[in-house]
Amino acid sequence: MSGEAEVQKTQAGIRIWCFLAVFAYLIILLVVLAVLIGQDTARHEWWEVFIGPGIICLQVVVLSMFAWGLMVWESRMAWKVRLFAWLILFLGLVPMVSFFIFLAPLLLTMPPSLWPWRGSPDIR
């Protein structure tokens, strides 16, 4: 039983850390969105003005999917959602090269939440 209790404590610690990383990621995304909205748009085409905020909004939606997967945690669907969301978040860093230095460390600390835990009854 103590092994199972240790796994649950580890899972709880990983979930708490990932929630903190998600919160920090969200704050950074909102700051980036504010910067993009506040830019002078007179020099750009209309589609260039909407690409950056569109990517940020997509990232916020995917980040909320990841957070949902953290809340539900012990189901096969939640594991798949966390994995899918993490991959999309990582791909979303590609167009945000300027902010990669802030966002990449947060993403790189989240992979432990992607492990298929043996203690979870639905993940096999």
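No experiment lies behind these values; they were computed from the predicted model shown.

Along the polypeptide, valine 97 turns up in the loop between helix H3 (76–92) and helix H4 (100–108). Judged by its relative accessible area of 61%, valine 97 falls in the exposed class.

Attention now goes to the packing of helix H1 (residues 2–38) against helix H2 (residues 46–72). One can describe the packing of H1 onto H2 by two numbers: an axis separation of 10 Å at closest approach and a directional angle of 165°. Classified by the angle between their axes, H1 and H2 sit roughly antiparallel to one another. With respect to the hand of their crossing, H1 and H2 are arranged in left-handed fashion. The segment H1 lies against H2, with Arg15, Cys18, Phe19, Val22, Tyr25, Leu26, Leu29, Val32, Leu33 and Leu36 engaging Gly52, Pro53, Ile56, Gln59, Val60, Leu63, Phe66, Ala67, Leu70 and Met71. Looking at the contact of H1 with H2, its residues break down into 17 nonpolar, 2 polar and 1 charged.

Okay, the packing of aromatic side chains next. Between two aromatic rings, the relevant description is the distance of the centres plus the angle of the planes. This structure, assessed with the given rule, holds 1 aromatic pair. Ring geometry for tryptophan 86 versus phenylalanine 90: centroids 5.5 Å apart, planes at 15°, classification stacked. Remark: phenylalanine 90 and tryptophan 86 occur in helix H3; sequence separation between them is 4 residues, near one turn of the helix. Tryptophan 86 sits in the buried class, given a relative accessible area of 12%. Note that arginine 82 overlies the ring of tryptophan 73, its terminal NZ or CZ placed 4.2 Å from the centroid.

Before going further, it helps to examine a nonpolar patch on the surface. Residues Phe19, Trp68, Met71, Val72 and Met77 make up a contiguous nonpolar surface patch of roughly 480 Å² in combined accessible area. Considering every element that reaches the nonpolar patch, the biggest residue donor is H2, with 3 residues. Note on placement: methionine 71 falls in helix H2.

Judged by nonpolar contacts, the single largest core of 26 residues is most densely connected at Val22, Tyr25, Leu29, Phe66, Leu93, Leu107 and Met110. Here this core takes 8 residues from H1, the largest share from any one element.

Bringing the packing of H1 against H4 into the picture now. Across the interface, H1 lies against H4 with an axial gap of 10 Å and an inter-helix angle of 160°. Taken together, H1 and H4 sit at an angle that is classed as roughly antiparallel. In terms of crossing hand, the pair formed by H1 and H4 is left-handed. Where H1 abuts H4, its residues Ala21, Ala24, Tyr25, Ile28 and Leu29 lie against Phe102, Leu103, Leu106 and Leu107. Among the residues making up the contact of H1 with H4, the classes are represented as 9 nonpolar, no polar and no charged.

Calculation rules
Residues numbered from 1 in each chain as written. Predicted model: local features only at pLDDT ≥ 70, side-chain atom pairs only at ≥ 80, totals over all residues. Heavy atoms only, no water. Helix = DSSP H or I, 4+ residues; strand = E, 2+ residues; numbered from the N terminus. Buried < 20%, exposed > 50% of the residue type's maximum accessible area, 1.4 Å probe, protein only. Axes fitted to C-alpha atoms, helices over the stretch in contact; angles between N-to-C directions. Parallel < 35°, antiparallel > 145°, perpendicular 65-115°, else oblique. Left-handed = near helix turned anticlockwise from the far one by under 90°. Contact = heavy atoms within 4.5 Å. Nonpolar A, V, L, I, M, F, W, Y, C, P; charged D, E, K, R; others polar. Phe/Tyr/Trp six-rings, centres within 6.5 Å; stacked < 30°, edge-to-face > 60°. Lys NZ or Arg CZ within 6 Å of the ring centre and 35° of its normal. Patch = residues over 30% accessible without salt bridge, like charges linked within 9 Å, V, L, I, M, F, W, Y side chains within 5 Å. Areas by Shrake-Rupley, 256 points an atom, 1.4 Å probe, with all protein chains shown as cover. Salt bridge = Lys/Arg side-chain N within 4 Å of Asp/Glu carboxyl O. Core = buried A, V, L, I, M, F, W, Y, C linked by side-chain atoms within 4.5 Å.

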